[in-house]
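# Architecture at a glance
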Protein chains: 2
Amino acid sequence: MKKAEAYNPFTSDANHELSIGQLGERKLLKEIRDWLGAIAPESPHGMGDDCAVLPGTTEGQQQLLTTDCVSYGQHFNAAVSPQDAGAKLIKRNLSDIAAMGGQPGPALLTLLCGWDLSILWLEQFFGGIRQSCEAYGVSIVGGDVSEIASGHFSAALTLTGQLTTPPILRSTAKLGDCIYVTGSLGGSIRAKHYQFEPRLKEGQWLASQSLCTAMMDVTDGLSKDLSALLPEECSAAIDLNTLPISEDAYLCEKADGRPAAEHAFCDGEDYELVLTASAEADLQKFESDWSTQFPDLKLSKIGHIIKKSPAGRYVDAASSQAIGWPSGYEHFKRA
Amino acid sequence: MKKAEAYNPFTSDANHELSIGQLGERKLLKEIRDWLGAIAPESPHGMGDDCAVLPGTTEGQQQLLTTDCVSYGQHFNAAVSPQDAGAKLIKRNLSDIAAMGGQPGPALLTLLCGWDLSILWLEQFFGGIRQSCEAYGVSIVGGDVSEIASGHFSAALTLTGQLTTPPILRSTAKLGDCIYVTGSLGGSIRAKHYQFEPRLKEGQWLASQSLCTAMMDVTDGLSKDLSALLPEECSAAIDLNTLPISEDAYLCEKADGRPAAEHAFCDGEDYELVLTASAEADLQKFESDWSTQFPDLKLSKIGHIIKKSPAGRYVDAASSQAIGWPSGYEHFKRA
């Protein structure tokens, strides 16, 4: 690549350049991997899973690294309290540690604020950060506070974690595996998108079960995220009547007329765990052990991995027809 | 603190709340430490130095963690090429690792972009990232790409590092120590703020010299940063005629009439190292060893630490009068 010229980063009628909105998130992430080339190692030591896995501080231990942010107007708005917004930042990252089966460690916090940010609002945002950090044993060991345009606010957290079991990756599910999901899904827009509990204890327990073959957290909607768990030449047969539909998904159905099951399958920000388990294992014992360990949280077997179906990536197990709901939220995408 | 209500994060004539611009960066950082309380450990294991120092992966090794960002309109503008902007993000963080005497390791990259960001511009930004990462042995092992308002762009990097020597902190300078600075200072606005080399090899070598008592990098201007190296009941006597004044500082003097020495003492973004050395050590040998190791980079003894002077924090060593130039850049500060 030749030496770049200085120019305005944004597209306009004058420069006729393509925007990332025309590309969409999926292709953008692929481009970024290409641009980084050899300096971006493959998962699990690099990009592509919920966390990067690095050599740990002691024998038999590995370190996890993840980062996630919240921006005003994007991940929360004036209808969310500053406490809940601060807590959401911590819990989003904890959910990534949970999805690897890890334990959270020290974190770095970056704030990007316009000069007109309210001190009182920010104090309450930190109240939410502190409360969540205390609840889950996270310490804030550093960070950065930087000025951006007035009226704007973003906060990013980089969270470290420890792993004493082998990591449960996204890429290790097998043909025939059963698909499970924790909790219930859909309608998070009503409140769950900031009022959720990261599934840390559950993730650690699942990672200690040898039958668990792959795992991730549900952030962009099951219909988008589950796709990342499926081996390339496979589809998923979904038992729609076992899909755990939340109360909020039913309330959304009442409001917008779209089926509650579609909300459960497609809505984002559930922060539940989706995982696969070997069909040859004693799944009855697994399910009963789960109930003993976590009596207050449902674990639902929602389907299994089948050979690639001509009907598509997701197939209704009862009818063998394609599940035609849209495939989750694609960030950035503009027409 | 009682449960916070949801409300708009920004100050307005309607809510009469104080803004962080009315507080200024210095007081804001103090407030943040208070808000975090027990979840924010003290330096070196927490906030307050160039990096946080954590237990390392092997005996005798420690891990470093730092984060820094660049925002369009704040740390660079359309007059800076996307390559240089990308490289600046990596090098700013490398400068923090250098200031501890560490070696850089894996990093996480966060992008916050409006949908109208140009793909071509972003590709060239990544060109700068890749080139700097290759030059200094940094790998990008993960990150996050997140949408913000159109027309806006920020990028944050979290960089890990390793340390095989004890860390050289900011807080360990002593009364009587001599003050040194690498390279030359001032006028970085002309180009050096993005065309600089992080002083990694120099920092590692300095950290291996037992006479080196404290160190940091110069980012907000010597007049602000040096203050962080001074023990509480101390001032610095500065030999103004030994201050290493850059060519760019002289060019700035021509343009704005402010003395080149003032530019050298007060301008930010030099990304040089400022350090203290025990006056009882063999400083002549130290200086000659430096010249052998780094023949192309000046090391200047610019003064020494004295008892707190009634004249103020900085005293002209020749006249014993206060150095009355403004004390560096304070972020966020509005009238």
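It should be noted that the structure appears before, not after, this text.
Residues numbered from 1 in each chain as written. Chains lettered and ligands numbered in written order. Predicted model: local features only at pLDDT ≥ 70, side-chain atom pairs only at ≥ 80, totals over all residues.

## Notes on the overall build of chain A
We count it as follows: Each helix is a run of DSSP H or I of at least 4 residues and each strand a run of E of at least 2, with the numbering of both proceeding from the N terminus. This radius of gyration counts C-alpha atoms alone. The globule rule is 2.2 Å times how many residues there are, raised to the power 0.38. Residues with at least 20 neighbouring C-beta atoms inside 10 Å of their own are called buried, those with 12 or fewer are called exposed, and the rest are partly exposed, where every C-beta is derived from the backbone. Note on contacts: residues are paired as contacts if their backbone-placed C-beta atoms lie within 7 Å.
A tally of helices and strands in chain A yields nine helices and 11 strands. Taken over the C-alpha trace, chain A has a radius of gyration of 21 Å; the compact-globule value for 335 residues is 20 Å, and the two agree within 12%. For chain A, with 335 residues in total, the buried portion stands at 54%. Within chain A, contacts between residues at least 6 apart in sequence are counted, and of these 83% link residues at least 24 apart.

## Things to note about the nonpolar core
Formally: By convention the nonpolar core is taken to be a set of buried residues drawn from Ala, Val, Leu, Ile, Met, Phe, Trp, Tyr and Cys and joined through C-beta atoms within 7 Å.
Within the largest apolar cluster, 199 residues are counted, with the highest numbers of intra-cluster contacts made by M215, V274 and L275 of chain A together with M215, V274 and L275 of chain B. In terms of residue count, helix α3 (residues 82–100) of chain B provides more of this core than any other element does, nine residues in total. Once residues lying within four places of it in the same chain are set aside, the contact partners of V274 of chain A are I179, V181, M216, V218, L222, D225, L226 and L229 of chain A.

## Examining the packing of helix α2 (residues 25–36) of chain A against helix α4 (residues 119–136) of chain B
Rule in force here: A fitted line through C-alpha atoms serves as each axis, taken over the contacting stretch for helices, and the angle formed by two N-to-C directions is quoted from 0 to 180°. A clockwise turn of the near helix away from the far one marks a right-handed crossing, whereas an anticlockwise turn of less than a right angle marks a left-handed crossing. Following the grouping adopted for this structure description, the nonpolar residues are Ala, Val, Leu, Ile, Met, Phe, Trp, Tyr, Cys and Pro, the charged ones are Asp, Glu, Lys and Arg, and the polar ones are all others, Gly among them.
Relative to each other, α2 of chain A and α4 of chain B sit at 40°, their axes nearing to 9 Å. Note on packing geometry: the crossing formed by α2 of chain A with α4 of chain B is right-handed. Here I32, W35 and L36 of chain A of α2 of chain A lie close against α4 of chain B, whose contacting residues are E123, F126 and R130 of chain B. Of the residues belonging to the contact of α2 of chain A with α4 of chain B, the class tally is four nonpolar, no polar and two charged.

## A short note on the interface of chain B and chain A
Across the contact, 92 residues belong to chain B and 91 residues belong to chain A. A breakdown of the residues in the side of chain B that touches chain A according to their chemical character gives 50 nonpolar, 30 polar and 12 charged.

## What to know about the pairing of strand β9 (residues 273–277) of chain B
Residue and element names in this part refer to chain B. We count it as follows: Any two strands are treated as partners once DSSP identifies two or more bridges connecting them.
Most of β9 sits out of view: five of its five residues are buried. Alignment of strand β6 (residues 178–182) against β9, held across four bridges, turns out to be antiparallel. In the sheet register, I179 faces β9, and the bridge partner there is T276. With five bridges connecting them, strand β7 (residues 212–217) and β9 associate as antiparallel partners. Bridging from a neighbouring strand, A214 pairs with T276 of β9.

## Quick notes on the packing of helix α3 (residues 82–98) of chain A against helix α5 (residues 200–207) of chain A
Residues and elements named next belong to chain A. Note the cut-off: Reported orientations rely on four angle classes, namely roughly parallel under 35 degrees, roughly antiparallel over 145, roughly perpendicular from 65 to 115, and oblique for the rest.
Two elements in contact, α3 and α5, have axes separated by 8 Å at closest approach and are oriented at 10°. Classified by the interaxial angle, the pair formed by α3 and α5 is roughly parallel. On α5, the residues that touch L94, I97 and A98 of α3 are L200, E202 and G203. Residue classes in the contact of α3 with α5 are distributed as four nonpolar, one polar and one charged.

## Re helix α2 (residues 25–36) of chain B
What sets the pattern is the α-helix's 3.6 residues per turn: residues three or four places apart point alike. Our working rule: To estimate how far a helix should reach, multiply one less than its number of residues by 1.5 Å. Read the arc as the range of directions from the helix axis to the C-beta atoms.
Taking 1.5 Å per residue as the helical rise, α2 of chain B with its 12 residues ought to reach 16 Å, and the 16 Å between its terminal C-alpha atoms agrees with that figure. L28, I32 and L36 of chain B are the residues of α2 of chain B that are buried. Axial view of α2 of chain B: buried residues confined to an arc of 70°, hence all on one face. Summarising the geometry of α2 of chain B, the exposed residues directed more than 90 degrees from the buried face are K30 and D34 of chain B. On the buried face of α2 of chain B, the contacting elements are α4 (119–136) and β4 (140–147) of chain A together with α1 (20–23) of chain B. A positive phi of about 55° marks G37 of chain B, the residue just after α2 of chain B.

## Focus: the sheet that holds strand β10 (residues 299–307) of chain B
All names here are of chain B. Taken in spatial order, the six strands line up as β7-β9-β6-β10-β8-β11 in an open sheet, and their pairing is mixed. The open sheet has two edge strands with one neighbour each: β7 and β11 (314–316). Strand-to-strand twist across the sheet, computed as the mean angle between neighbouring axes with direction ignored, equals 30°. With five bridges connecting them, strand β8 (residues 234–238) and β10 associate as antiparallel partners. Looking at the pairing, A237 lines up with H304 of β10. The strands touched by α3 are β7 and β9; relative to β7, the strand with the most contacts, the crossing angle is about 175°.

## What to know about unusual backbone geometry
Following S43 of chain A, the chain continues into P44 of chain A via a peptide bond in cis, with omega recorded as 5°. Counting through the fold element by element, P44 of chain A comes out in the loop between α2 and β1 (52–55). Non-glycine residue H16 of chain B carries a positive phi angle of around 55°.

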